[in-house]
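# Analysis of the macromolecular model
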Amino acid sequence: MNVTIGMSDILLISPMIALFVFSLLPLASKVLAGNKEQNTAATLIVALIGLVISGGLLVVFGGSDKTAFNGQLLFDGLTQWAGIIALIAAGAGLILMYENQSTNQSQFSEIMFLAMNSILGMLILVSSVHLLTLFIGLELMSLSLYLMIAMSNEQKISKEAAIKYFILGSFASALFLFGVSYIFGSTNTVDITDLMSNAATLVKTSKMFLFGLTFVILGFCFKVSIVPFHAWTPDVYQGAPTAVTSFMATAVKTVSFAAFLRIFATQALNGSQNLFDVLQWLAVITMTVGNLAALVQTNFKRTLAYSSISHSGYILVGLITAGISQNSAYSASSVLFYLLTYSVMTMGAFAIASMIEKSENHFLSNEDFAGFAKNRPVLALCLSVFLLSLAGLPPTLGFFGKFYLFSAAVSEGLVWLALWGVINSVISVYYYLRPIVMMYMRDGEANIADHPQQATTVTVVISAIFILIVGLFSSPLFTLFENSLG
Amino acid sequence: MILSTLIFLPIIFALILAAWPQKSTIRHLALGFSIIQFLVSLVMLNGFDSNSSALQFVENYVWIERFGIGYFVGIDGISVMLVVLTTFLMPIMILGSWKSIEDRVKGFHIALFILQTAMIGSFLALDAVLFYVFWELSLVPMYFIVGIWGGARRIYATVKFFIYTMAGSVLMLLAIIFMMRLTPEVTGGNISASLLDFYKLKIPFVAGEFFTAQTLLFFAFAVAFAIKVPLFPLHTWLPDAHVEAPTPGSVVLAGVMLKMGTYCYLRWVLPLFPEASEHFAWLFVVLGVVGIVYGALVAMIQPDVKKLVAYSSVSHMGYVIVGIFVMNSFGVNGALYQMLNHGISTGALFLLIGMIYERTHTREIAKYGGLASAMPNYTIAFIIVTMSSIAVPLTNGFIGEFLILMGTFKYNPWVAAVAVTGVVFGAAYMLWMVKKVFFGPKGEVVTESEKDSHHALHDLSVREFVVLAPLVVMIFWMGVFPNHFMDFSKKSIDHLLANKQNYSLEVK
C-alpha cells in the first residue's frame, strides 16, 4: 500500500497536533525548572488555551467530510460535533481537577499532560473509520485515564478504582480486538466505510462476521457501561477523584458513544433480527437496572454513577434508532444532542460534588446536603437545575434531549423502547429529588467544605444557565447537528 | 400580546423579587404585582368577545421548526374564566399568607409567581409540546411550596405528589409524540404539534378492542388528567398534599391546579378522541359518582378539618368529571361553573382553616367547640362559605351542582340518584363539622383562651376581612347572577357539544 502524507492530512489532524503540543508545554517547563512544579494556574490556562485552539481548528477543518491518512480518519459532522462536545466537557473537567481536593498539586503538570493526551485519544476515537486506528484512540484515551485515576492524594480507594478500571478496561479492549480479528478474517477489511456498504448482507451470510461484530459491540458496551457490563462503573466512579470521574462520565462517554454510533451506522442491525432484539433488551435492562440500583444508593457519587448507567440506556435507544433508520441523520443528531445534554448536566452535578467534598476521603452522602440551600443558595439552585434536568423535567435541556431521542425512536416504530424510557424517567425522579429534599426541606448544617473554588463555581453557574436557556432555544442547535450529520 | 403578557409577567415579577434587596417589603411588592396581573386579566376579559366560539388573542410563532412546534397560545370561552380565576386568587393567597409564611419569604413568592406562569400557560397553550412544558413546569414550584413551607409530613406528601403526577404525564408525552408522528397526513407532509392540526386527525377507533390507537391515546391523556383532578381511585396523593401544604399552597392546589385536569378534558380529550370518549364515558361517569360518594363518606369521619376539606375536594371534583362526561349542555356548563365555584369556595375554606390554625395551632375538630361566641365574624364567614360548599340556593355551589345533576339525570336517572346522595352526605359532614367547631359546649381551645389572655382568640383582623370579602362577594354574585359568568363560556361549550365528531376551532 502506498501511503503518502500531504498537507491536507496535516491540516485535518491539526486539532490533535495542537493538543499534543500544548500537553508538552507545562511538562517541559517543569522539567526545565528542575522538576519543580510551576504555577498551577498558569498550567491550567495553557491547557485550556490548547483546548480552545484545538476546538477552533476542529470547527475550521473538522466538518469537511474529508479523510486523512488514506481513509483512516474521517472528519465529518460527527467528528466535529462529538469532538467539540468532548473538548468542552473535558475543559470543564480540567477546571475541576485544578481546584479539587484530591488532585496532587505537585504533579499537576503530569495530570494535565495525561488529560490532554486522553483528549487526543478521544479525537482519534471519534474520527477514525478504521477499526485498528479506532483501537489506538480508545487505548490512548483509556491508558491516560487509568493513570489519572491513580494519581490522587487519596491512597486506597482511588488505587483500587484504577486497578479495577484497568483490568476490566483491558478485558473490554481484548474483546474488541478479538471481534476485529473475526471481522478482518471474514471480510478482509477493517475499514468502517467499506463495511458500511455491505454489513447488512454480511451479517446474514457470514456467521463469522456477525460473531466478530457482536464482540466489537460488546467491547463498546463495556466502555459505555451497558448492563450487564456495567459492574465496574459505580466502583470506579465513586473511587476515582471526583474531577476525573466527571471527565470520565462526560467526555469519555460522549466520544465512546460517538464511535459506537459509527459501528451502528454500518446498518448491520437491519440484517440481523437477533442482534436487534438483543440490543433492544440491553437498552431496556440498562435503563431499568441503572435506575432501580440508583434508588437504593446513599452515596451521592454512586447515585450519579448509576444515573449515568441509566442514561447510557436512553442513549442506546437512540443508537438503535439510528442503526435501523434509513435517514440516520435525524436519529444520530438526537443522540448527539442527548450526549451534549447529558454531558452538561452530569458535569454540573459532579462539579458541585467536587467543590463540596471535604477531602479526598470524604464520601459525600445525601445526608450531607441537609441545610445546603441556606449555606450556599446559588449552588443549591444550580444543583436543583442539574438534577431536574437529569430527570427530564421541562423546561430544562434534559427534557428536550429526551424529547428528541424518544421522538426519533417513535418515528422508527420503537414505541415500546420509548415507553420504557419514559417509565424509567419517572422512577429516576425519586432519587434525583432526594438531594433536593435534603438541600431545601431538611434543616441542618451542611457537612461540606467551604473554601471558595471560583473557577469551578463559574463552571457550575454557566452550565446551569446553559441548561435553562439552550433547552428553550434548542431548535437551531438541533438543526445544525442534523445538517452537519446529513 | 395580552396573553403572552399574562403568561410571562409573573416570571418577570419573580425575577424582580429575586433581585429585590429589601426583605421587609417583599410581601407588599408581591401583592402589588399580583394585583397588576389581575388587572391585566380584567383588561383581557374586557376585550373578550363572548359571542364567538373562536380562539381569541391568538399568538402563533415558530418555536422548534424541525418538529413543527410553535409558541401557540389563544383563549376561548372554556379557558377564559379559569385564567381570571387564577389571577383573582393570587392576591388573595399572598394576603392570606401574610402571617403564616415566616421563613424564606422571598423564595415563597418567587415560587408562587412561577407557578402562576405555569398554570396560566397550561390554560392558554394550544401547542401540545408547549402545553406539556407548562403542565410539567407547574410541578416544580408546587413541589417546593409543599416541601419547604408544609407541615410535619411534608416531604412524604410532596414527593408523592410529584411522582404521582409525573407518572401520569409521561405517558401523555409519549402520546403527544405519537400523535405528532401522525400529523403529516393532515398538514400535507409537515410534522406539527399544533392542537388545531391534532383536531383534524382521524385516529382509528375500534369499539371493544383495547389495543387500538385511539383507545390507547385516549387513556394516555385521560389518566394523566385524572391523576391531576384527582379522579377516584387515583386521588390518594391529594389528601396528603392538601393537609401538608401551607395555606396558600392548599388554596392554589384546590383553587387552580385541580382545574387544570378537568379543563384539559374539555380542551384535549373530548375533541381529540371523540369515539373513545363516548365509548368510555360510562367509566368516567361511574368513577366520578364513586368519587362523589366515597369522598363524602371519607370526609365524614375525618378528625382533622383540613383533611375533611381535602376529601370534600375529591367529592366535588367528582361532580365536575360527571358533568363533563355526561356530555350534554347542562352537564358541561355545570361542570365548568363548578370548577370556578370549587376554586372559590374550597379556596375560601382553606384560607379560613389557615386563619384559625394560625391562632390555635391545631386542626382537630374535637378540640374546638363553641367558637362562635369567641369569634362571631369568623363564624359568619365560615358559615357562608359552608353554604356555598354544600350548594345552598343563592350561593354559587347550587347553580353548578344543580346543572350537573340535571345533566346527569338526562344521561341516566339512576346515576343521578346515586350522585344526589353525595349532596346529602356533603351537607351532613359540613354541617356536622360546623356544629362541632362553632356551636355546642366550649371545647379545649376556647376554654383555654378564656383562661389565658395570651391565647385569647381574636376575631377577624382587617387583613383577614379583606382576604375573605372578595370571596364572599363572589359566592353570592355567582349564585344570584350566574349568567354574568356563564355567558363567557356558553358559545364555546355549545360549539364543542355540537361538533363532537369534527371539532375544530376558528382563529379570530
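Residues numbered from 1 in each chain as written. Chains lettered and ligands numbered in written order. Predicted model: local features only at pLDDT ≥ 70, side-chain atom pairs only at ≥ 80, totals over all residues.

### Regarding the overall build of chain B
When its secondary structure is counted, chain B shows 22 helices and two strands. Compactness check: chain B gives a C-alpha radius of gyration of 22 Å against a globular reference of 23 Å for 508 residues, within 12% of the reference. With the principal axes as the frame, chain B shows a C-alpha extent of 80 × 60 × 40 Å. Burial analysis of chain B (508 residues in total) assigns 58% to the buried set. Long-range pairs, those at least 24 residues apart, make up 79% of the contacts in chain B between residues at least 6 apart in sequence. (Helix = DSSP H or I, 4+ residues; strand = E, 2+ residues; numbered from the N terminus. Rg over C-alpha atoms; globule rule 2.2 N^0.38 Å. Buried ≥ 20, exposed ≤ 12 C-beta atoms within 10 Å, placed from the backbone. Contact = placed C-beta atoms within 7 Å.)

### Some points on the overall build of chain A
Per the secondary structure count, chain A includes 20 helices and two strands. Since a compact globule built from 486 residues should have a radius of gyration of about 23 Å, the 21 Å found for chain A is in line with a globular shape. Per-residue burial over chain A gives 62% buried out of 486 residues. Restricting to contacts in chain A with at least 6 residues of sequence separation, those with at least 24 account for 81%.

### Let's talk about the packing of helix α5 (residues 108-127) of chain A against helix α6 (residues 131-150) of chain A
All names here are of chain A. Where α5 contacts α6, the two axes come as close as 7 Å, and the packing angle between them is 155 degrees. With respect to each other, α5 and α6 are oriented roughly antiparallel. For the pair α5 and α6, the crossing hand works out as left-handed. Mapping the contact onto sequence places Ile 111, Leu 114, Ala 115, Asn 117, Ser 118, Leu 120, Gly 121, Met 122, Ile 124 and Leu 125 in α5 and Thr 133, Leu 134, Ile 136, Gly 137, Leu 138, Leu 140, Met 141, Ser 144, Leu 145, Leu 147 and Met 148 in α6. Of the residues in the contact of α5 with α6, the class split is 15 nonpolar, six polar and no charged. (Axes fitted to C-alpha atoms, helices over the stretch in contact; angles between N-to-C directions. Parallel < 35°, antiparallel > 145°, perpendicular 65-115°, else oblique. Left-handed = near helix turned anticlockwise from the far one by under 90°. Nonpolar A, V, L, I, M, F, W, Y, C, P; charged D, E, K, R; others polar.)

### Topic: the environment of Ala 251 of chain A
Residue and element names in this part refer to chain A. Within the secondary structure, Ala 251 is located in helix α11 (residues 242-264). Take Ala 251: there are 29 C-beta atoms within 10 Å of it, and that puts it in the buried class. When the C-alpha atoms of Ala 251 and Gly 83 are compared, they prove to be 9.0 Å apart, with 168 residues separating the residues in sequence. With residues up to four places along the chain from it excluded, the contact list for Ala 251 reads Ala 86, Ala 89, Ala 90, Gly 93 and Met 122.

### Considering the confidence of the model for chain B
All names here are of chain B. Chain-level statistics for chain B give a pLDDT mean of 89 and a share of 99% at 70 or above. Least confident of the elements in chain B is helix α20 (residues 444-451), whose mean pLDDT is 79; most confident is helix α5 (residues 128-137), at 93. In the predicted assembly, ipTM is 0.92 and pTM is 0.93. (pLDDT = per-residue confidence, 0-100.)

### Looking at the nonpolar core
Membership of the largest hydrophobic core comes to 387 residues, with the highest contact counts inside it found for Leu 261 of chain A together with Phe 221 and Val 269 of chain B. At 19 residues, the largest contribution of residues to this core is made by helix α14 (residues 328-356) of chain A. Setting aside residues up to four positions removed in sequence, Phe 221 of chain B forms contacts with Met 172, Ala 175, Trp 268 and Val 269 of chain B. (Core = buried A, V, L, I, M, F, W, Y, C linked by C-beta atoms within 7 Å.)

### Some details on the interface of chain B and chain A
Every contact between the two is made by 27 residues of chain B and, on the other side, 24 residues of chain A. Counting only elements with at least two residues in the side of chain B that touches chain A, the list comes to β1 (56-64), α5, α6 (139-149) and α7 (154-182) of chain B. Considering each element in turn, the side of chain B that touches chain A owes the most residues, 14 residues, to α7 of chain B. In terms of residue class, the side of chain B that touches chain A is made up of 21 nonpolar, one polar and five charged.

### Points about helix α16 (residues 377-390) of chain A
Residues and elements named next belong to chain A. A rise of 1.5 Å per residue sets the reference length of α16, with its 14 residues, at 20 Å; its end C-alpha atoms lie 20 Å apart and thus fit the reference within 8%. In terms of burial, α16 is a largely internal element, 11 of the 14 residues being buried. Every buried residue belonging to α16 is among Leu 379, Ala 380, Cys 382, Leu 383, Ser 384, Val 385, Phe 386, Leu 387, Leu 388, Ser 389 and Leu 390, and all of these are buried. Immediately beyond the C-terminal end of α16, within one or two residues, lies Gly 392, with a positive phi of roughly 85 degrees. (Expected span 1.5 Å × (residues − 1).)

### Examining the environment of Ile 383 of chain B
All names here are of chain B. The residue Ile 383 is located in helix α17 (residues 376-389) in this model. You can call Ile 383 partly exposed: it has 15 C-beta atoms within 10 Å. Sequence-wise, Ile 383 and Val 320 are 63 residues apart; in three dimensions their C-alpha atoms are separated by 23 Å.

### Side note on the pairing of strand β2 (residues 69-75) of chain B
Residues and elements named next belong to chain B. In terms of burial, β2 is a largely internal element, six of the seven residues being buried. As paired strands, β1 and β2 are joined by six bridges and run antiparallel to one another. Bridge pairing in β2 links Tyr 61 to Tyr 71. Hairpin connection of β1 to β2: four residues between the antiparallel strands, including Gly 68 at a positive phi of 60 degrees. (Pairing = 2+ DSSP bridges.)

### Digging into helix α19 (residues 454-472) of chain A
Residues and elements named next belong to chain A. Helix length check: α19, at 19 residues, gives a terminal C-alpha distance of 28 Å against a target of 27 Å (1.5 Å per residue), a fit within 8%. All buried positions along α19 are accounted for by Thr 456, Thr 459, Val 460, Ser 463, Ala 464, Ile 467 and Gly 471. Those residues of α19 that are buried lie in contact with α4 (77-99), α14, α16 and α17 (397-411).

### Things to note about the packing of helix α3 (residues 77-96) of chain B against helix α22 (residues 483-498) of chain B
All names here are of chain B. Between α3 and α22, the least distance of the axes is 7 Å, while the angle of their chain directions is 150 degrees. Judged on the interaxial angle alone, α22 and α3 are roughly antiparallel. Between α3 and α22, the residues in contact are Gly 77, Ile 78, Val 80 and Met 81 and Phe 485, Phe 488, Ser 489, Lys 490, Lys 491, Ser 492 and Ile 493, respectively. Split by residue class, the contact of α3 with α22 holds six nonpolar, three polar and two charged.

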